[in-house]
Protein chains: 2
Amino acid sequence: MSADELCYAGIRELGGLFRRGALSPVDYATDLLGRVERLDKSLNAYVTVTAERALADARAAEAAIRRGDGGPLAGIPIAYKDLYATKGIRTTAGSALLADWVPDFDCTCVTRLQQAGMVMLGKLITHEFAFGIQFPGHRFPPARNPWNVDHIPGGSSSGSGAALAAGLVHGALGSDTGGSIRGPAAFCNLVGLKPTYGRVSRAGVLTLSWSLDHTGPMARTVEDCALLLQALAGHDPADPASSREPVADYAEPLGRGIRGLRVGVPRAYFLEGADAEVEKAFEQALAALRLLGAVVTDVEIPSILASWAFLAILMAEAFAYHERDVRAHPELYGDVLRERVLAGGLILGSEYVQAQRLRARLQAEMLEVLRRVDVLVTPTTPKPAPTFAVVWDPSFGFPKSNMPPFNMTGLPALAVPCGFSSQGLPLSLQIAGRPFDEATVLRVGHAYEQATEWHRRRPRI
Amino acid sequence: MSADELCYAGIRELGGLFRRGALSPVDYATDLLGRVERLDKSLNAYVTVTAERALADARAAEAAIRRGDGGPLAGIPIAYKDLYATKGIRTTAGSALLADWVPDFDCTCVTRLQQAGMVMLGKLITHEFAFGIQFPGHRFPPARNPWNVDHIPGGSSSGSGAALAAGLVHGALGSDTGGSIRGPAAFCNLVGLKPTYGRVSRAGVLTLSWSLDHTGPMARTVEDCALLLQALAGHDPADPASSREPVADYAEPLGRGIRGLRVGVPRAYFLEGADAEVEKAFEQALAALRLLGAVVTDVEIPSILASWAFLAILMAEAFAYHERDVRAHPELYGDVLRERVLAGGLILGSEYVQAQRLRARLQAEMLEVLRRVDVLVTPTTPKPAPTFAVVWDPSFGFPKSNMPPFNMTGLPALAVPCGFSSQGLPLSLQIAGRPFDEATVLRVGHAYEQATEWHRRRPRI
């Protein structure tokens with residue numbers, strides 16, 4: 001079986017072929033690298049392809065599987081957003097500033113997936129430092145959306161979205177400060193999980209905003225995300241924000257269904273500004289959840305508008321991180337990134353403090369609501385992917401987003417495919433849950449995904 | 001026995017007289033109110049004397065004691081820094097802005113001590129909003145130091161310090177954002193405890209800085225502080241920062257001694273700028289601890305200079321709190337408070353963020369050191385109380401202080417009497433410990449106090 005036939009296979013299916021000896025991880029990696037070589041020219045998902053490392057990883061995985069100690073991820077191809085430090089492999093952050101940076105260490109997430117036997121295919125393009133916009137002519141041009149190359153694949157984990165949608169990898173890690181895992185998942189018909197703050201290590205992953213950044217998996221199915229999370233989750237002393245909360249079993253409960261589970265719908269804010277098509281798809285998703293036995297009720301989050309305080313926190317922290325470099329090397333920053341970073345230098349300490357106070361109130365209210373319901377569901381984005389023309393227009397700012405509320409509160413939030421617009425662009429459902437209750441969030445996502453099968457659609461490439 | 005004879009009695013002694021029927025709480029409160037009336041004119045510790053409330057409380061305590069349900073604090077006179085909201089009693093914050101504010105609720109601390117049977121004598125002067133300096137002619141003139149009225153009694157819990165030192169009350173509550181409990185304790189030969197962040201409720205106590213403010217007890221002995229803490233400590237749902245950590249027994253372990261206990265001495269920073277007399281008294285204190293069986297060793301806190309980041313955090317948070325009022329009513333702010341508050345409006349968000357990052361590093365390092373030693377000891381202040389002439393001089397700024405490091409880290413810190421300067425002004429030892437380990441901090445303080453008996457000296461008034 002060739003990579004063109006298997007490139008959309010799930011991790012369980014592909015791993016089964018490896019473990020039964022029906023397919024060699026080395027042959028498969030070689031073949032998939034060929035597919036990347038052929039197809040990525042027009043998509044630009046990969047900033048660096050690590051063919052040698054992939055083959056070395058695949059040989060190691062093959063040996064481990066032969067010895068009988070290959071786990072569920074052994075031999076499965078993976079790629080990393082180019083904010084994840086990789087030993088001996090340049091890690092650019094999509095930025096001229098770091099274009100030649102070759103770390104001498106692997107970040108914790110890469111180490112953990114390496115130990116699980118995964119095969120690193122390469123590094124995936126990111127918006128510049130996860131915060132800029134790449135215009136034509138940028139040193140690291142943007143990835144294209146495989147569903148329609150005139151549209152963005154989402155950001156900032158744009159390469160992760162494009163590669164998965166095009167069948168150029170089986171799993172990817174993104175980072176999510178205000179939706180950068182869930183946004184590309186939403187725009188590319190994928191599954192993306194922003195875990196609870198502190199659940200997955202950030203050690204060795206470049207920073208955008210200390211208190212909002214999350215790392216997490218992206219894949220084509222909820223099960224694949226669950227398998228990746230299982231290998232990633234757990235305390236890391238190298239990350240000061242890492243939690244000691246015990247790690248749950250994420251894959252096993254997926255099949256249990258959601259009968260009797262309480263689903264809360266916070267309409268205010270989250271449905272404002274939504275396209276009619278998005279709204280319709282969302283209502284159909286609620287109907288599907290009811291059919292699956294869930295109890296769906298509207299809920300109120302009185303301070304939901306405090307979500308806007310996200311911007312003050314993000315910008316003050318981003319300026320704190322970039323201040324020295326942007327002053328020393330302004331010419332190595334893209335125009336939008338430089339402007340956004342410098343604007344962050346105008347946020348006052350008192351404004352930051354007030355934003356954090358609003359954030360605490362929002363957290364308290366969401367936790368209160370989550371005592372009465374098990375999960376919250378919203379559209380992941382109010383509209384499908386915009387065109388490059390839209391985001392390259394100088395009037396493009398920070399559009400309203402449904403994702404930052406869960407960066408503000410640190411709650412786990414999952415994006416799952418939820419249908420298509422009349423233009424054929426993917427739509428997405430966001431499912432959020434209690435702190436460290438990724439298991440329930442994934443279970444709801446899996447039940448919905450299996451009932452609707454939106455994830456089975458493929459883009460024409 | 002009259003109040004003039006008993007006004008320096010410990011809580012256990014006084015409570016014993018009440019419980020044995022040898023003294024009536026009502027008679028004693030009446031007599032002590034007379035002493036306040038006579039002596040406070042020159043000291044100005046009380047901003048409001050609550051004679052009616054005191055007698056009502058005393059009658060209730062007397063009845064409870066007769067019924068046999070008077071606890072260790074029943075009938076004991078207490079007074080509150082005028083930041084603690086008291087129902088039906090004006091709560092001024094030492095400020096023209098709140099000069100006529102009469103809360104319709106008691107703060108949690110007042111409720112808890114009321115329930116413990118304490119007798120509220122009144123409200124004690126504070127520096128304006130715990131952050132200003134009262135110049136001559138201020139609506140609420142400053143308290144004087146009973147040891148020498150030309151010197152300040154410390155701030156901002158200045159009235160609490162003056163009242164206790166002059167025998168005008170048996171316990172007082174202060175608040176401590178950068179040393180406002182420990183400083184007056186140090187300058188007035190008293191014991192002051194800043195508990196662990198989250199140990200004692202702040203609900204209903206006016207704010208200076210959300211992330212640095214602590215409430216806590218002041219008294220003349222460690223045992224009295226322990227008895228007050230016992231009644232104050234414990235979770236309060238009305239304070240978002242309140243901890244659910246179980247409450248220890250604070251009084252019982254006091255007598256156990258400190259043989260084998262490991263005492264760390266962080267000389268860098270904490271001894272810089274100290275008067276020779278302070279240094280000598282501190283070395284004598286270390287010798288006393290060794291004689292008591294403690295193992296005293298020097299320790300290093302590499303990032304101790306990060307303690308200066310305290311100012312950025314304090315000022316940004318204070319501006320956030322006061323912004324609206326200081327813009328609407330600048331004329332109701334004293335000159336120093338207004339200047340300090342407005343200066344806080346110049347702190348950038350990124351500076352605040354960097355200050356919080358330094359704070360996190362300082363916390364990690366102190367916790368690391370506290371794995372190897374049980375407590376840290378330092379001089380509480382590098383010099384004894386300055387004169388009013390010094391603090392009223394326009395060049396007076398923010399002097400270096402040994403106390404903010406423990407507001408930054410949230411660790412419990414106790415000030416205990418440690419001798420006198422050649423001018424007859426009190427000196428003080430600061431003892432800090434692990435999070436929520438007030439019991440050990442108090443035990444060390446008690447052993448030292450009982451061995452040295454500095455607390456027995458009285459000012460001439």
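Above this text is the structure in question.
Residues numbered from 1 in each chain as written. Chains lettered and ligands numbered in written order. Predicted model: local features only at pLDDT ≥ 70, side-chain atom pairs only at ≥ 80, totals over all residues. Heavy atoms only, no water.

1. Notes on the overall build of chain A
Next, step 1: Each helix and strand counted, chain A has 16 helices and 11 strands in total.
Next, step 2: Computed over the C-alpha atoms, the radius of gyration of chain A is 20 Å, within 12% of the 23 Å expected from 2.2 N^0.38 for a compact globule of 461 residues.
Next, step 3: Referenced to the eigenvectors of the C-alpha coordinate spread, the extents of chain A come out at roughly 60 × 55 × 45 Å.
Next, step 4: Taking all 461 residues of chain A together, 64% fall into the buried category.
Next, step 5: Put simply, of all contacts in chain A between residues at least 6 apart along the chain, 79% involve residues at least 24 apart.
Next, step 6: Per element, the accessible surface of chain A, about 16600 Å² overall, is 53% carbon and sulfur. (Helix = DSSP H or I, 4+ residues; strand = E, 2+ residues; numbered from the N terminus. Rg over C-alpha atoms; globule rule 2.2 N^0.38 Å. Buried < 20%, exposed > 50% of the residue type's maximum accessible area, 1.4 Å probe, protein only. Contact = heavy atoms within 4.5 Å. Areas by Shrake-Rupley, 256 points an atom, 1.4 Å probe, with all protein chains shown as cover.)

2. What about the environment of Leu289(A)?
Residues and elements named next belong to chain A.
Next, step 1: Topologically, Leu-289 is positioned in helix H10 (residues 276-291).
Next, step 2: In sequence terms Leu-289 and Val-263 are 26 residues apart; their C-alpha atoms lie 8.3 Å from each other.
Next, step 3: Sequence-distant contacts of Leu-289, that is, excluding residues within four places in its chain, are made with Ile-258, Val-263, Ala-294, Val-296, Val-377, Val-444 and Tyr-448.

3. Considering the sheet that holds strand S2 (residues 77-81) of chain A
Residue and element names in this part refer to chain A.
Next, step 1: Strand order in the open sheet formed by 11 strands is S1-S3-S2-S4-S6-S5-S10-S11-S9-S7-S8, with mixed pairing between adjacent strands. Edge positions in the open sheet fall to strand S1 (46-49) and strand S8 (295-298), since each of these has one partner strand only. Across this sheet, the average inter-strand angle for adjacent strands is 30°, counted without regard to direction.
Next, step 2: Strand direction decides the pairing type here: strand S5 (residues 191-194) and strand S10 (residues 413-420), joined by three bridges, are antiparallel. Note on S10: the bridge partner recorded for Gly-192 is Ala-415.
Next, step 3: Strands S1, S2 and strand S3 (119-124) of the sheet are contacted by helix H3 (residues 25-43), whose axis makes an angle of about 140° with S1.
Next, step 4: Strands strand S7 (262-265), strand S9 (375-379) and strand S11 (426-433) of the sheet are contacted by helix H13 (residues 349-372), whose axis makes an angle of about 110° with S9. (Pairing = 2+ DSSP bridges. Axes fitted to C-alpha atoms, helices over the stretch in contact; angles between N-to-C directions.)

4. What about the packing of H13(A) against helix H13 (residues 349-372) of chain B?
Next, step 1: Following both chains from N to C, one finds H13(A) and H13(B) inclined at 65°, their axes separated by 6 Å at the closest point. Contacts between H13(A) and H13(B) pair Gly349(A), Tyr352(A) and Val353(A) from the former with Gly349(B), Tyr352(B) and Val353(B) from the latter.

5. Topic: the interface of chain A and chain B
Next, step 1: Every contact between the two is made by 15 residues of chain A and, on the other side, 15 residues of chain B.
Next, step 2: Across the chain A to chain B interface the summed buried area is about 1200 Å²; carbon plus sulfur atoms make up 67%.
Next, step 3: The largest contributions to the chain A side of the interface with chain B come from Trp210(A), Ser350(A) and Val353(A), which together make up 33% of the buried area.
Next, step 4: Here chain A and chain B share zero salt bridges between them.
Next, step 5: Taken together, the links from chain A to chain B amount to four residue pairs in polar contact (both at pLDDT 80 or more).
Next, step 6: Here the side of chain A that touches chain B gets six residues from one element, more than from any other, and that element is H13(A). (Buried area = accessible area lost by both parts, 1.4 Å probe. Salt bridge = Lys/Arg side-chain N within 4 Å of Asp/Glu carboxyl O. Polar contact = N/O pair within 3.5 Å; in protein donor to acceptor, adjacent residues only side chain to side chain.)

6. Digging into the relation of the copies chain A and chain B
Next, step 1: With an RMSD of 0.0 Å, chain A superimposes on chain B once it is rotated by 180° and translated 0.1 Å along the axis. When the rotation and shift are considered jointly, the pair of chain copies conforms to a two-fold rotation axis.
Next, step 2: Looking at chain A, 100% of its interface residues are interface residues in chain B too, so the copies touch through the same face. (Least-squares fit on C-alpha atoms with pLDDT ≥ 70 in both.)

7. Some remarks on the pairing of strand S4 (residues 172-176) of chain A
Along a regular strand, successive side chains alternate from one face of the sheet to the other.
All names here are of chain A.
Next, step 1: Taking burial as the measure, the five residues of S4 include five buried ones, the bulk of the element.
Next, step 2: Burial of the side chains of S4 extends over both faces: Ala-172, Gly-174 and Asp-176 are buried on one face and Leu-173 and Ser-175 on the other.
Next, step 3: For S2 and S4, the ladder comprises two bridges, and the chain directions are parallel. When the sheet's bridge partners are listed, Tyr-80 is paired in S4 with Leu-173.
Next, step 4: Of the pairings in the sheet, the one linking S4 to strand S6 (residues 214-219) comprises five bridges and is antiparallel in character. Across the sheet, residue Asp-176 finds its bridge partner in S6, namely His-214.

8. Quick notes on the environment of Tyr28(A)
Residue and element names in this part refer to chain A.
Next, step 1: With respect to the helices and strands, Tyr-28 occurs in helix H3.
Next, step 2: We classify Tyr-28 as buried; its relative accessible area is 1%.
Next, step 3: Sequence spacing of Tyr-28 and Ala-3 is 25 residues, and the spatial spacing of their C-alpha atoms is 6.4 Å.
Next, step 4: Discounting residues that sit within four places of it in the chain, Tyr-28 has contacts with Ala-3, Leu-6, Cys-7, Leu-14, Phe-18, Leu-23, Pro-77 and His-170.

9. Looking at the packing of H13(A) against helix H11 (residues 310-328) of chain B
Next, step 1: Where H13(A) contacts H11(B), the two axes come as close as 8 Å, and the packing angle between them is 75°. Relative to H11(B), H13(A) is oriented roughly perpendicular. Residues Gly349(A), Ser350(A), Val353(A) and Gln354(A) of H13(A) form the contact with H11(B), whose participating residues are Ala316(B), Glu317(B), Phe319(B), Ala320(B) and Glu323(B).
Next, step 2: Within the contact of H13(A) with H11(B), the residues separate by chemical class into four nonpolar, three polar and two charged. (Parallel < 35°, antiparallel > 145°, perpendicular 65-115°, else oblique. Nonpolar A, V, L, I, M, F, W, Y, C, P; charged D, E, K, R; others polar.)

10. Regarding unusual backbone geometry
Residues and elements named next belong to chain A.
Next, step 1: Residue Ser-156 is reached from Gly-155 by a cis peptide bond, and omega for that bond is -5°.
Next, step 2: Within the fold, Ser-156 resides in the loop between S3 and helix H6 (158-165).
Next, step 3: Although it is not a glycine, Phe-436 adopts a positive phi angle of roughly 65°.
Next, step 4: Tracing the sequence through the fold places Phe-436 in the loop between S11 and helix H16 (438-452).
Next, step 5: For Phe-436, a relative accessible area of 22% gives the class partly exposed.

11. Structural notes on helix H8 (residues 222-232) of chain A
Residue and element names in this part refer to chain A.
Next, step 1: Most of H8 is tucked away, with nine of its 11 residues classed as buried.
Next, step 2: When we look at burial in H8, the residues that qualify are Val-222, Glu-223, Asp-224, Cys-225, Ala-226, Leu-227, Leu-228, Leu-229 and Leu-232.
Next, step 3: Backbone geometry just after H8 places Gly-234 at a positive phi near 130°.

12. Considering the sheet that holds strand S10 (residues 413-420) of chain B
Residues and elements named next belong to chain B.
Next, step 1: On the basis of which strands lie adjacent, the open sheet formed by 11 strands has the order S1-S3-S2-S4-S6-S5-S10-S11-S9-S7-S8 and mixed pairing. What marks the edges here is a single partner per strand, and that holds for strand S1 (46-49) and strand S8 (295-298). Averaged over neighbouring strand pairs, the angle between their axes works out to 30° when direction is ignored.
Next, step 2: Bridge count between strand S7 (residues 262-265) and S8: four bridges; the pairing is parallel. Paired with Gly-264 across the bridge in S8 is Thr-297.
Next, step 3: Here helix H5 (residues 108-115) sits on the sheet in contact with strand S2 (77-81), strand S3 (119-124), strand S4 (172-176) and strand S6 (214-219), set at roughly 180° to S2.
Next, step 4: Running over the sheet, helix H10 (residues 276-291) touches S7, S8, strand S9 (375-379), S10 and strand S11 (426-433) and is turned about 150° from S9.

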